[in-house]
Amino acid sequence: MQLPDLAALSAPYRLVCIAPHLDDAALSLGGVLAAPPASAAPALVITLCTAAPTAAYNAVAREFHGQWDLESDDIVGQRKREDVVAMATLGVDFVWLEVLDAIYRCPAAYHSRETLFAAPQADDPLIPFVAGLFATLRRQLPQAQIAVPLGVGEHVDHLICFAAARQLLGDAAWYYEDIPYALRPGALERRLSALDGRWTSRPMAIDDGLAAKIAAIGAYRSQIGELFGGMAPMASQIRDYAATVAEAGGVAERAWRVAP
Ligand SMILES: [Zn+2]
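Cut-offs used in this document
All residue numbers here refer to positions counted from 1 along the written sequence of the relevant chain. In keeping with the predicted nature of the model, local features appear solely for residues at pLDDT of at least 70, side-chain atom pairs appear and are counted solely at 80 or more, and the whole-chain, interface and lining totals rest on all residues. Here the side-chain values reflect all heavy atoms present in the structure, with hydrogen atoms and water set aside. Counted as coordinating are nitrogen, oxygen and sulfur atoms within 2.8 Å of the metal, or 3.2 Å for Na, K and Ca, while water is not included, which may make sites look incomplete. Sites are called tetrahedral only when four donors show all angles between 85 and 135 degrees, square planar or octahedral only when four or six donors show opposite pairs over 155 degrees and all other angles between 65 and 115, and irregular in any remaining case. Numbering of helices and strands runs from the N terminus; a helix is a DSSP stretch of H or I covering at least four residues, while a strand is a stretch of E covering at least two. Exposure classes here rest on a 1.4 Å probe applied to the protein chains alone. A residue is buried below 20% of its type maximum, exposed above 50%, and partly exposed in between. Salt bridge, as used here: a side-chain nitrogen of Lys or Arg that lies within 4 Å of a carboxyl oxygen of Asp or Glu. Each Phe, Tyr or Trp ring, with Trp reduced to its six-membered ring, pairs with another whose centre is within 6.5 Å; inter-plane angles below 30 degrees give stacked pairs, above 60 give edge-to-face pairs, and intermediate values give tilted ones. By definition here, charges over rings are those cases where NZ of Lys or CZ of Arg is within 6 Å of the ring centre and within 35 degrees of the ring normal. When DSSP finds at least two bridges between two strands, those strands are taken to pair. Working convention: axes come from line fits to C-alpha atoms, limited for helices to the stretch in contact. Angles between N-to-C directions cover 0 to 180 degrees. The contact criterion used is simple: two residues touch if any of their non-hydrogen atoms lie within 4.5 Å. When describing relative orientation, an angle under 35 degrees is termed roughly parallel and one over 145 degrees roughly antiparallel, while 65 to 115 degrees is termed roughly perpendicular and anything else oblique. By definition, any crossing whose near helix is turned counterclockwise from its far helix by less than a right angle is left-handed, and any crossing with a clockwise turn is right-handed. Here the term charged refers only to Asp, Glu, Lys and Arg, the term nonpolar to Ala, Val, Leu, Ile, Met, Phe, Trp, Tyr, Cys and Pro, and the term polar to all other amino acids, Gly among them.

The coordination sphere of the zinc ion, as far as protein atoms go, consists of H21 (ND1), D24 (OD), D24 (OD) and H158 (NE2), spread over 2.1 to 2.5 Å. Every donor counted, the four donor atoms about the zinc ion form angles of 55 to 142 degrees at the centre, which fits irregular coordination. All donor residues of the zinc ion come from one chain, and their arrangement in sequence is H-x2-D-x133-H. Within this pair, whereas H21 is found in strand β1 (residues 15-21), its partner H158 is found in helix α7 (residues 156-168), the two being separated by 137 residues in sequence. Just as H21 is buried, H158 falls in that class too.

What follows is the structure, encoded as structure tokens:
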């Protein structure tokens, strides 16, 4: 079910996944989110960057658009239609917060891969927005487990979510491994080595959720070519990684906790 906004929050969600972009939740936590049918409390996906851009596109936006499999100029509209299918496939509730993606929000600052996959600008409006979001969630959903990006890959939108969660939620949050970035050799280790605090991993078995996860990722047709080179390589890379992070056989997704 799609919620119109955060004011409509009422269900006793077991898990709330913060997704900077349309696809992050399915890619990183799709298996955990895909609840077995008998599960009582549903999960909620909150996606931040879902607003339609109005400014002229910068160089890196044009580069991405050239790599995506787009049907028309309605880029965000297409990605939202994909998201509706993916969320239904996972069986989760979801809400879009209609913030602009970094490449559209601050086109002069985040104009290249080097500036986009790097620390945020101090005056980036997403920083206070995410802080307000976490305050709202703590007030309205005090029982829910909140999952946020660990920041593997250093995409600025992921780093802003991580920093706010680290400051406002601390050891209460789950920090999920950002896929596809975590698939790259050494990327997770590089991210962990840059963090303060003592971090421990928490693999979560997804033997019952892997098929739904792969199907949900497959719904993001515009992104599959750029991220994986096709549906079959996507499925095999997702399956292989899930097997790698499972400590006791089977398949898993992995989140991290920081010591208090
Ligand atoms: Zn993302």
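Continuing now.
It is worth spelling out the pattern of salt bridges at this point. A full pass over the atoms with the stated rule returns nine salt bridges. Between R113 and E63 there is a salt bridge, with the nearest N and O atoms lying 2.7 Å from each other. Of this pair, R113 sits in helix α5 (residues 113-116) while E63 sits in helix α2 (residues 59-67), and the two are 50 residues apart along the sequence. The exposure class of R113 is partly exposed, given its relative accessible area of 31%. You can call E63 partly exposed: its relative accessible area is 33%. Residue E98 pairs with K80 through a salt bridge whose shortest N-O separation is 2.8 Å. On the criterion of sequence distance, the pair formed by E98 in strand β3 (residues 93-99) and K80 in helix α3 (residues 75-90) is long-range, its members being 18 residues apart. Since its relative accessible area comes to 39%, E98 is described here as partly exposed. Look at the salt bridges and you will find they share partners, linking E71, D74 and R81 into a network.

Attention shifts here to the packing of aromatic side chains. As enumerated under the stated definition, the model contains seven aromatic pairs in all. Pairing Y57 with Y104 gives two aromatic rings, centres 5.8 Å apart and planes at 50 degrees, and the pair type is tilted. Of this pair, Y57 sits in the loop between β2 (43-49) and α2 while Y104 sits in helix α4 (residues 102-105), and the two are 47 residues apart along the sequence. Pairwise contacts between aromatic rings join F162, Y175 and W199 into one cluster. Residue placement shows R79 over the ring face of W68; its charged tip is 4.7 Å from the ring centre.

In spatial order, the strands read β3-β2-β1-β4-β5-β7-β6; together these seven strands make up an open sheet with mixed pairing. On the outer flanks of this sheet lie β3 and β6 (199-205), each paired with one strand and no other. Strand after strand, the sheet turns through a mean of 30 degrees between neighbouring axes, direction not considered. Bridge analysis of β1 against strand β4 (residues 145-149) gives three bridges, and the strand direction is parallel. Bridge pairing links L15 to Q145 in β4. Sheet contacts for helix α1 (residues 24-33): β1, β2, β4, β5 (174-176), β6 and β7 (252-258); angle to β1, the most-contacted strand, approximately 165 degrees. On the sheet, α7 packs against β1, β2, β4, β5, β6 and β7 and is oriented at approximately 145 degrees with respect to β1.

How two helices pack is summed up by the angle between their axes together with the distance between the axes. In contact at an axis separation of 9 Å, helix α10 (residues 221-228) and helix α11 (residues 231-245) are set at 70 degrees when each is read in the N-to-C sense. Taken together, the axis directions place α10 and α11 in an arrangement best described as roughly perpendicular. Handedness of the α10/α11 crossing: left-handed. Residues R221, I224 and F228 of α10 form the contact with α11, whose own contacting residues are M231, P233, M234, Q237 and I238. Looking at side-chain class alone, the contact of α10 with α11 contains six nonpolar, one polar and one charged residues.

Below, the discussion takes up α10. If you check which residues of α10 are buried, you get S222, Q223, I224 and F228. The inward-facing, buried residues of α10 abut α1, α3, α9 (210-218) and α11. Of the residues one or two after α10, G229 is the one with positive phi, at around 85 degrees.

With respect to burial, β3 is a largely interior element, six of its seven residues being buried. In terms of strand pairing, β2 meets β3 through five bridges, oriented parallel. Bridge pairing in β3 links C49 to V99.

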